[in-house]
Amino acid sequence: MHYLIKKFLPSIAVALTVASFSLLAPARAQTYPIDCAILLCLSGGWPASVPCARARAEFIRRITPWPVEPPLQIWRCPMGASYESDRQLNNADRIIEVLYRTDSRRPLQSLPLDNLVPTDLALRLVQDRSDIDISGPEFNFVRSIRVFDVRYARQHESGRDGDCNRSATVVLGTYGTQGDFSWQRSSITALPDAHVGLERWGQNCPGIYHRSVFVDWRDYEGNYGFEQVNY
């Protein structure tokens, strides 16, 4: 249920410490714990712990050029839901279930045996999106993540006629309803107030050359956070 994320926030560090032991498992399983950690630590506002510090470092590494990657790759955190019925259940507790699994079982897979498929459920293939229904408001913190890639922004005065020449390429990465990530064109004016380096853009014509990646988000409680990487 949706209250479980909030209920378990004080136990996030313990849960992630337990989950980190799965790194000792075979290589096939090693790709999922870090994104489960990012998911849970982000929801809790990055609580102070070694696992959350590592999760945040990976979150930021992914937006450090080049290339710029989705900072949360939720499709790498299998939460074990392979089927959906007409009556959707709230699956926020899957986050907790994944990280509290302490036995040696492999994560539940997205493709169960055909002879186990219930007749009233439909198989949903999952690619580059969450493998459970995260459309509810308890997962708004995933959809709050925005990645602004300022590939370049240049402002300078023309030597011949004194005109101010400005050019910029900015793209914005956002998450869809089920955690799918996509890019679209954006602009300097769309950058959040917390972004630094382009405050004088459009003011007279001071010389500016700027490149950066800026990511911001809101945690489960709605608290704002951001990071900026200049290059």
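See the structure shown above.
Here we summarise the structure given alongside this text. Sequence order as written defines the numbering, with residues in each chain counted from 1. Side-chain atom pairs in this predicted model are given and counted only at pLDDT of 80 or more, local residue features only at pLDDT of at least 70, and totals for whole chains, interfaces and linings cover all residues. No hydrogens and no water enter the side-chain calculation; it runs on all heavy atoms of the structure.

Our working definition of a disulfide is a cysteine sulfur pair at a distance within 2.5 Å. In total, this model carries 3 disulfides according to the counting rule given. Each sulfur in the disulfide pair Cys36 and Cys77 lies 2.1 Å from the other. Since a negative S-S torsion denotes a left-handed disulfide, the Cys36-Cys77 link at about 105° is right-handed. Of the two residues, Cys36 is situated in helix H3 (residues 33-43) and Cys77 in the loop between helix H4 (50-61) and strand E1 (83-84); the sequence distance between them amounts to 41 residues. The classification of residues rests on relative accessible area computed with a 1.4 Å probe and restricted to protein chains. Under 20% of the type maximum is buried, over 50% is exposed, and intermediate values are partly exposed. Assessed through its relative accessible area of 3%, Cys77 is described here as buried. The disulfide partner of Cys41 is Cys52, and the S-S distance across this bridge is 2.1 Å. In this structure, the disulfide formed by Cys41 and Cys52 twists by about -85° around the S-S bond and is classed as left-handed. Taken as a pair, Cys41 in helix H3 and Cys52 in helix H4 lie far apart in primary sequence, 11 residues in all. Shown here for the protein chain is a disulfide pattern of 1-4, 2-3, 5-6, where each number marks a bonded cysteine counted in sequence order. Strands are runs of DSSP state E lasting at least 2 residues, helices are runs of H or I lasting at least 4, and numbering of each runs from the N terminus.

Any Lys or Arg side-chain nitrogen found within 4 Å of a carboxyl oxygen on Asp or Glu counts as a salt bridge. Considering all chains together, one arrives at 7 salt bridges under this definition. Between Glu58 and Arg62 there is a salt bridge whose closest N-O contact spans 2.9 Å. Where Asp149 meets Arg151, a salt bridge forms, and the shortest distance between an N and an O atom there is 3.3 Å. Since its relative accessible area comes to 1%, Asp149 is described here as buried. Owing to a relative accessible area of 32%, Arg151 belongs among the partly exposed residues under this scheme.

Moving on, we get to the packing of aromatic side chains. Note on aromatic contacts: the rings of Phe and Tyr and the six-membered ring of Trp form a pair at centre separations within 6.5 Å, being stacked when their planes are under 30 degrees apart, edge-to-face when over 60 apart, and tilted otherwise. If you walk through the whole model with that rule in mind, you get 9 aromatic pairs. Ring plane angle 85° and centroid distance 5.5 Å describe the contact between Phe59 and Trp217, whose orientation is recorded as edge-to-face. Highlighted residues: Phe59 in helix H4 and Trp217 in strand E6 (residues 208-218), separated in sequence by 158 residues. There is no split in this pair, since Phe59 and Trp217 are both buried. Taken together, the aromatic side chains of Trp46, Phe59 and Trp217 make up a single cluster linked through ring pairs.

Time to look at the nonpolar core. By convention a nonpolar core is built from buried Ala, Val, Leu, Ile, Met, Phe, Trp, Tyr and Cys residues, the set being connected through side-chain atoms within 4.5 Å. Counting 30 residues, the largest nonpolar core has Trp46, Phe59, Leu72, Val142, Ile145 and Val215 as the members making the most contacts within it. By residue number, the principal contributor to this core is H3, which donates 6 residues. When residues no more than four places from it in sequence are discounted, the contact partners of Ile145 are Leu42, Phe59, Pro71, Leu72, Gly173, Thr174, Tyr175, Val215, Asp216 and Trp217. Phe148, Val170, Leu191 and Ile208 belong to the second largest nonpolar core, which has 11 residues in total. Pairs of residues are marked as contacts when any of their non-hydrogen atoms sit within 4.5 Å.

A few words on the environment of Cys205. Within the secondary structure layout, Cys205 lies in the loop between strand E5 (181-186) and E6. Along the primary structure Cys205 and Asn165 are separated by 40 residues, whereas in three dimensions their C-alpha atoms are 8.3 Å apart. Dropping the residues within four chain positions of it, Cys205 is found in contact with Gln155, His156, Glu157, Cys164 and Asn165.

This part takes up H3. The buried count for H3 comes to 10 of 11 residues, which makes it a mostly enclosed element. Burial in H3 covers these residues: Pro33, Asp35, Cys36, Ala37, Ile38, Leu39, Leu40, Cys41, Leu42 and Ser43. Gly45 sits one or two positions beyond H3 and adopts a positive phi of about 75°.

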